[in-house]
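Fold and contact review
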Amino acid sequence: MTSQPSLAKEEGRPGDPGTPDSPVVGAPHGSNGLQAGLKNRHLSMIAIGGVIGAGLFVGSSSGIAAAGPAILLSYALVGLMVVFVMRMLGEMAAARPTSGSFSAYADRALGRWAGFSIGWLYWFFWVVVLAVEATAGAKILHGWVGAVPQWGWALIVMIVLTATNLVSVSSYGEFEFWFAGIKVVAIGAFVAIGLLAVFGILPASKNPGDGFAHLTDAGGFMPKGAGAILTGVLMVVFSFMGSEIVTLAAGESEDPQRAVTKATNSVIWRIGVFYLGSILVVLSLLKWNDPAIVKDGSYVAALNSIGISHAGEIMNVIVLTAVLSCLNSGLYTASRMAFSLGQRGDAPRAFARTNARGVPQAAILCSVLFGFVAVFFNYKWPDTVFDFLLNSSGAVALFVWLVICFTQLRMRGIILRETPEKLTVKMWFFPYLTWATIAMISFVLVYMLTDDAGRKQVLLSLLVAAIVVAIAVVRDFMQRGTVVELATATPTASAQSGVNDEVTAE
């Protein structure tokens, strides 16, 4: 790491959290700033739905097959890590809400190279996600209406959600409110109905209701050994990405401090209910090695075991909702990060301009353009170009969490010095839990190197990260050199005045 920049210099730079030019709530409406168009109900649902991605519905079956019932410990470990990271991020976001979130905080606490690097890597991650989710949604829609080709559905979905984001931030919030609402209701209903079936009190259930016996009756709780817990961690960690979106959205809310505080405090029960609760229900209704879990998917298999008809179609609707929600939020997140980078001079200035509705139009269009290109790569070269994009962005989630940890270590001191009254959310047992979380994330990254699929993701992600960091460092060095040259080459006003006096005297 480079040394921390002078606080005095950093405070005057546009885009820093807490400076007059920051895109925080209260920024001027219209062409110069974002609008506070997100209501508290929008933020609440964005916070709740942010942790429920399509990966939970689609990817959980492979995790169960790899670790058995011990996958619950994998989810618990990753969930604990996310709770700690969100607490750290919540501490900074409640004190200084900004659309750049952790990128803007890293810029201030660690140096411009850090804010530049993690901001662009995060943008890259989400525009690749756009392509993945658009393709996943298109497959479901093509299955329902085969007359429209799969690429046509991907195009339609991308255009509709781009239009939604271009209209206003409130339209994004409204769409996400309903998308997330459907996911929340679906998971809540699944857990409630499933628990009734688990204990044999659900009317007309075809499942015998063996309680929690299935957690141990097929080879024990850890049928694949303790090491499978870590394998499970690698398989589930990326399904948690998205919980940090609420801290970016807070900058456009009516009461950002309240929204961030509420979201941070509720992350524990959200992970407990949606992840641990739903997976516990699946593992209690079926033996972990039941072929139906892999064949039909964990949730569909569980619903079929109860006797709910058309379980597959119901789950397809829910997965499609999760995909559209992820697309909607992904486009919003990528554009706001690009906006923040533009505000700080780390991206084209056009990204920092908003239209009359307070929407960063250029940032949205650039993000979706890259998403369209990635979709094309997915159809044209899925096993080469798109495979590289997918793997080179795979470990970015862990990089982001790691940067949040290191940033919080330094931002705590900055906040205490400058605005101690705004430290309303505090990381528990600081700095010990922060360092413990850093160790956990680092361990996961190192352990990924022992896994064939994980090794490829880590190495390619490190390659892309190294390139971005190198660009950031060189760019920062050149800018500092330019400033020094200008300072030495241009005489001060007083010195110039003295020279003029001497000339006049002569």
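Residues numbered from 1 in each chain as written. Predicted model: local features only at pLDDT ≥ 70, side-chain atom pairs only at ≥ 80, totals over all residues. Heavy atoms only, no water.

Here the focus is the overall build of the protein chain. Summing up its helical and strand segments, the protein chain has 20 helices and 0 strands in all. Considering the protein chain as a whole, with its 506 residues, one finds that 55% of them fall into the buried category. Sequence-distant contacts in the protein chain: of pairs separated by 6 or more residues, those separated by 24 or more amount to 82%. (Helix = DSSP H or I, 4+ residues; strand = E, 2+ residues; numbered from the N terminus. Buried < 20%, exposed > 50% of the residue type's maximum accessible area, 1.4 Å probe, protein only. Contact = heavy atoms within 4.5 Å.)

Let us now look at unusual backbone geometry. Residue P431 is reached from F430 by a cis peptide bond, and omega for that bond is 0°. If you trace the backbone, P431 turns up in the loop between α17 (396-418) and α18 (432-448). The backbone phi angle of A204 is positive, close to 65°, even though this residue is not glycine. Note that A204 resides in the loop between α8 (169-198) and α9 (227-236). What makes A204 exposed here is its relative accessible area of 77%. Phi is positive for F429, close to 50°, though the residue is something other than glycine. Relative to the helices and strands, F429 is located in the loop between α17 and α18.

Moving on, we get to the pattern of salt bridges. The tally for this structure, following the rule as stated, stands at 9 salt bridges. With a shortest N-O distance of 3.0 Å, R475 and D346 are connected by a salt bridge. In this pair, R475 sits in helix α19 (residues 452-489) while D346 sits in the loop between α14 (311-343) and α15 (361-380), placing the two residues 129 residues apart along the sequence. Owing to a relative accessible area of 23%, R475 belongs among the partly exposed residues under this scheme. The shortest N-O distance in the salt bridge between D387 and K456 comes to 2.7 Å. Taken together, the residues span a long stretch of sequence, with D387 in helix α16 (residues 385-392) and K456 in helix α19 at a distance of 69 residues. Relative accessible area serves as the criterion here: at 22%, D387 is assigned to the partly exposed category. On the basis of relative accessibility, which here comes to 39%, the residue K456 falls in the partly exposed class. Connected via shared salt-bridge partners are R96, R108 and E418. (Salt bridge = Lys/Arg side-chain N within 4 Å of Asp/Glu carboxyl O.)

Per-chain confidence: the protein chain averages 83 in pLDDT, with 88% of residues scoring 70 or above. Within the model, the stretch residues 1-12 combines pLDDT values under 50 with 27 contacts to residues more than four positions away or in other chains. Confidence over residues 499-506 falls short of pLDDT 50; this stretch has 0 contacts with residues more than four positions distant or in other chains. (pLDDT = per-residue confidence, 0-100.)

Turning next to the environment of V236. Along the chain, V236 falls in helix α9. A relative accessible area of 2% means that V236 is categorised as buried. Between the C-alpha atoms of V236 and I71, which are 165 residues apart in sequence, the distance is 8.9 Å. With residues near it in sequence (within four places) discarded, V236 still touches I71, S74, Y75 and V78.

One pass over the structure, following the stated rule, counts 21 aromatic pairs. For R41, the ring lying beneath its charged end belongs to F177, and the centroid distance is 4.7 Å. The cationic tip of R412 hangs over the ring face of F430; the distance from NZ or CZ to the ring centre is 4.3 Å. (Phe/Tyr/Trp six-rings, centres within 6.5 Å; stacked < 30°, edge-to-face > 60°. Lys NZ or Arg CZ within 6 Å of the ring centre and 35° of its normal.)

What follows is about the packing of α9 against α18. The N-to-C vectors of α9 and α18 enclose an angle of 95°; their axes lie 10 Å apart at closest approach. In this view, α9 runs roughly perpendicular relative to α18, as classed from their interaxial angle. The residues of α18 that touch α9, namely those facing G227, L230, T231, V233 and L234, are F443, V444, Y447 and M448. The residue inventory of the contact of α9 with α18, partitioned by class, reads 7 nonpolar, 2 polar and no charged. (Axes fitted to C-alpha atoms, helices over the stretch in contact; angles between N-to-C directions. Parallel < 35°, antiparallel > 145°, perpendicular 65-115°, else oblique. Nonpolar A, V, L, I, M, F, W, Y, C, P; charged D, E, K, R; others polar.)

Quick look at the environment of V233 now. Relative to the helices and strands, V233 is located in helix α9. Note: C-alpha distance between V233 and M448 (215 residues apart in sequence) is 9.6 Å. In this structure, V233 is in contact with S74, L77, V78 and V444, ignoring residues within four places of it in sequence.

Together, L195, L196, F199, I201 and F212 make up an exposed nonpolar region whose accessible area comes to about 450 Å². With respect to the helices and strands, the residue L195 is situated in helix α8. Residue L195 is classed as partly exposed on the basis of its relative accessible area, which comes to 32%. (Patch = residues over 30% accessible without salt bridge, like charges linked within 9 Å, V, L, I, M, F, W, Y side chains within 5 Å. Areas by Shrake-Rupley, 256 points an atom, 1.4 Å probe, with all protein chains shown as cover.)

Take S74: it is sitting in helix α4 (residues 71-95). Here S74 is in contact with A228, I229, G232, V233 and V236, once residues within four sequence places are set aside.

Turning our attention to the packing of helix α11 (residues 256-285) against helix α13 (residues 298-306). In helix packing, the relevant descriptors are the interaxial angle and the interaxial distance, both defined with respect to the helix axes. α13 packs onto α11 with a crossing angle of 50° between their chain directions and a minimal axis gap of 9 Å. With respect to their mutual orientation, α11 and α13 come out oblique. Taken as a pair, α11 and α13 cross one another with a handedness that is left-handed. Every residue of α13 that contacts α11 at F274, S278, I279, V282 and L285 is listed here: S298, Y299, A302, S305 and I306. Within the contact of α11 with α13, the residues separate by chemical class into 7 nonpolar, 3 polar and no charged. (Left-handed = near helix turned anticlockwise from the far one by under 90°.)

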